[in-house]
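The chain contents come next:
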Amino acid sequence: MRQVASVPRTAGETYRDSILPCRFEGVVYEVGGKRPIDGLDLTLEAGPVTLLIGPNGAGKSLTLRLAHGLIAPTAGQILWQNRKLERAGRGPRRQSMVFQKPVLLRRSVAANLDYALSVHRVQGEERRQRREEALARTGLTAYARQQARTLSGGEQQRLAMARAWALKPQVLFLDEPTASLDPAATAAIEEIVRAMHAEGCKIVMTSHDLGQARRLADEVIFLNRGRVVEHTPASDFFEQPNSRAARDFLAGKLVW
Ligand SMILES: Nc1ncnc2c1ncn2[C@@H]1O[C@H](COP(=O)(O)OP(=O)(O)OP(=O)(O)O)[C@@H](O)[C@H]1O
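**Observations concerning helix α6 (residues 183–198)**
Alright, step 1. Here α6 is 16 residues long and its end C-alpha atoms lie 22 Å apart, about the 22 Å a rise of 1.5 Å per residue gives.
Alright, step 2. Residues of α6 that are buried include every one of T186, I189, I192, V193 and M196, and no others. One face of α6 carries all of its buried residues, which in axial projection span an arc of 125 degrees. Summarising the geometry of α6, the exposed residues directed more than 90 degrees from the buried face are P183, A184 and A198.
Alright, step 3. For α6, the secondary structure elements touched by its buried residues are α5 (153–166), β7 (171–175), β8 (202–206) and α7 (210–216).
Alright, step 4. With its phi angle positive at about 105 degrees, G200 sits one or two positions after the end of α6.

Quick look at the structure:
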């Protein structure tokens, strides 16, 4: 398993500032009279690329949204470095999330990056440098002045990744980031994911593309019905899944 230590992301930040591990303790999320997350216990450690895998409706997206603080648990708690997020006073500055469909402003590519950086109070020369680096690392330099919403789907997703990169998060949540992309655009996103991970960013990602999961994952969390069924090194999961549900899932059978 590749292990990459959590490294300081910004000047003045130390290893002690790491927000990881993230621990879900008995997390329940009720909505519409259902419990799609039903007693979730899991720990996200610094280092491995973590793939959340499971059948449709297993609760993967909700798990990412809970971790990112977009929704709150009905019961149980989510701890970052043993503290509740709000009590620890840590906002989402150290976390970013990329969705299947990127949410972009009606502005140029460069302005989308500038806006995100200014919201995070990155100004002046540092902002310019981070913007240019993120554009270069995602192959978007030539598109800097183009209206973001006129980019192709693959380019838009690269811009969403550039925005995440520019913010230098400690943790990046990716919810099906390549679901609507062709193989070349998918490969480009995977390359950016690998590069961010190599720079010390924790990756937590959902994907229905098992080929992609095999390419990227160091560890797999297999969810079913809002609970963790397996949490295991990726090679073990793909070669010898422990649970019947995971075996059925990998064999392409419906899992109930
Ligand atoms: N706002 C909501 N109201 C009612 N049910 C919801 C709501 N949000 C999510 N759910 C339900 O929670 C379950 C888990 O949803 P989630 O999006 O996390 O699944 P998923 O594992 O990401 O599935 P998929 O692979 O299909 O994207 C689903 O059955 C979904 O219908």
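The rest of the description comes next.
**Some words on the site of the ligand**
Alright, step 1. In the vicinity of the ligand, the contacting residues are V31, G32, K34, P36, G54, N56, G57, A58, G59, K60, S61 and L62.
Alright, step 2. For the shell around the ligand, the elements supplying multiple residues, two or more each, are β2 (34–44) and α1 (60–68).
Alright, step 3. For the shell around the ligand, the class distribution of residues is four nonpolar, six polar and two charged.

**Section: the sheet that holds β2**
Alright, step 1. Reading across the sheet, the four strands line up as β2-β1-β4-β5 and stay open at both edges, with antiparallel pairing between neighbours. Unpaired on one side and paired on the other, β2 and β5 (83–84) mark the two borders of the sheet.
Alright, step 2. Here strand β1 (residues 22–31) pairs with β2 via seven bridges, running antiparallel. Its bridge partner lying in β2, V27 is registered against L40.
Alright, step 3. Strand contacts of α1: β1, β2 and β4 (75–80), with the helix running at about 60 degrees to β2, the strand carrying the most contacts.

**Some thoughts on the environment of Y29**
Alright, step 1. For Y29, the location among the structural elements is in strand β1.
Alright, step 2. Residues Y29 and G200, 171 residues apart in the sequence, show an inter-C-alpha distance of 30 Å.
Alright, step 3. The contact partners of Y29, leaving out residues within four places of it in the chain, are P36, I37, L62, L66, I71, P73 and T74.

**Some details on helix α4 (residues 124–137)**
An α-helix turns once every 3.6 residues. As a result, residues three or four positions apart point the same way.
Alright, step 1. Helix length check: α4, at 14 residues, gives a terminal C-alpha distance of 20 Å against a target of 20 Å (1.5 Å per residue), a fit within 8%.
Alright, step 2. Of the surrounding elements, those touching the buried residues of α4 are α3 (109–119) and α5.
Alright, step 3. Just past α4, the residue G139 takes up positive phi, approximately 70 degrees.

**Side note on the pairing of strand β6 (residues 95–98)**
Alright, step 1. Alternating residues of β6 divide into Q95 and M97 and S96 and V98, and every residue in both groups is buried.
Alright, step 2. With four bridges joining them, β6 and β7 adopt parallel strand pairing. When the bridges of β7 are listed, S96 appears paired with L172.

**Focus: the sheet that holds strand β10 (residues 227–233)**
Alright, step 1. Here six strands make up an open sheet; going across it, the order is β6-β7-β8-β3-β9-β10 and the pairing mixed. Since the sheet does not close on itself, it has two edges, and those belong to β6 and β10, each with one partner. Direction aside, neighbouring strands of the sheet carry axes that sit 15 degrees apart on average.

**Remarks on the packing of α5 against α6**
Alright, step 1. Packing of α5 against α6 brings their axes to within 9 Å, and their N-to-C directions diverge by 10 degrees. Between α5 and α6, the interaxial angle falls into the category roughly parallel. Every residue of α6 that contacts α5 at G154, Q157, R158, M161 and W165 is listed here: A185, A188, I189, I192 and M196.
Alright, step 2. Along the lines of polarity and charge, the residues of the contact of α5 with α6 split into seven nonpolar, two polar and one charged.

Procedures and definitions
Residues numbered from 1 in each chain as written. Predicted model: local features only at pLDDT ≥ 70, side-chain atom pairs only at ≥ 80, totals over all residues. Helix = DSSP H or I, 4+ residues; strand = E, 2+ residues; numbered from the N terminus. Expected span 1.5 Å × (residues − 1). Buried ≥ 20, exposed ≤ 12 C-beta atoms within 10 Å, placed from the backbone. Arc of directions from axis to C-beta. Contact = placed C-beta atoms within 7 Å. Near = placed C-beta within 6 Å. Nonpolar A, V, L, I, M, F, W, Y, C, P; charged D, E, K, R; others polar. Pairing = 2+ DSSP bridges. Axes fitted to C-alpha atoms, helices over the stretch in contact; angles between N-to-C directions. Parallel < 35°, antiparallel > 145°, perpendicular 65-115°, else oblique.

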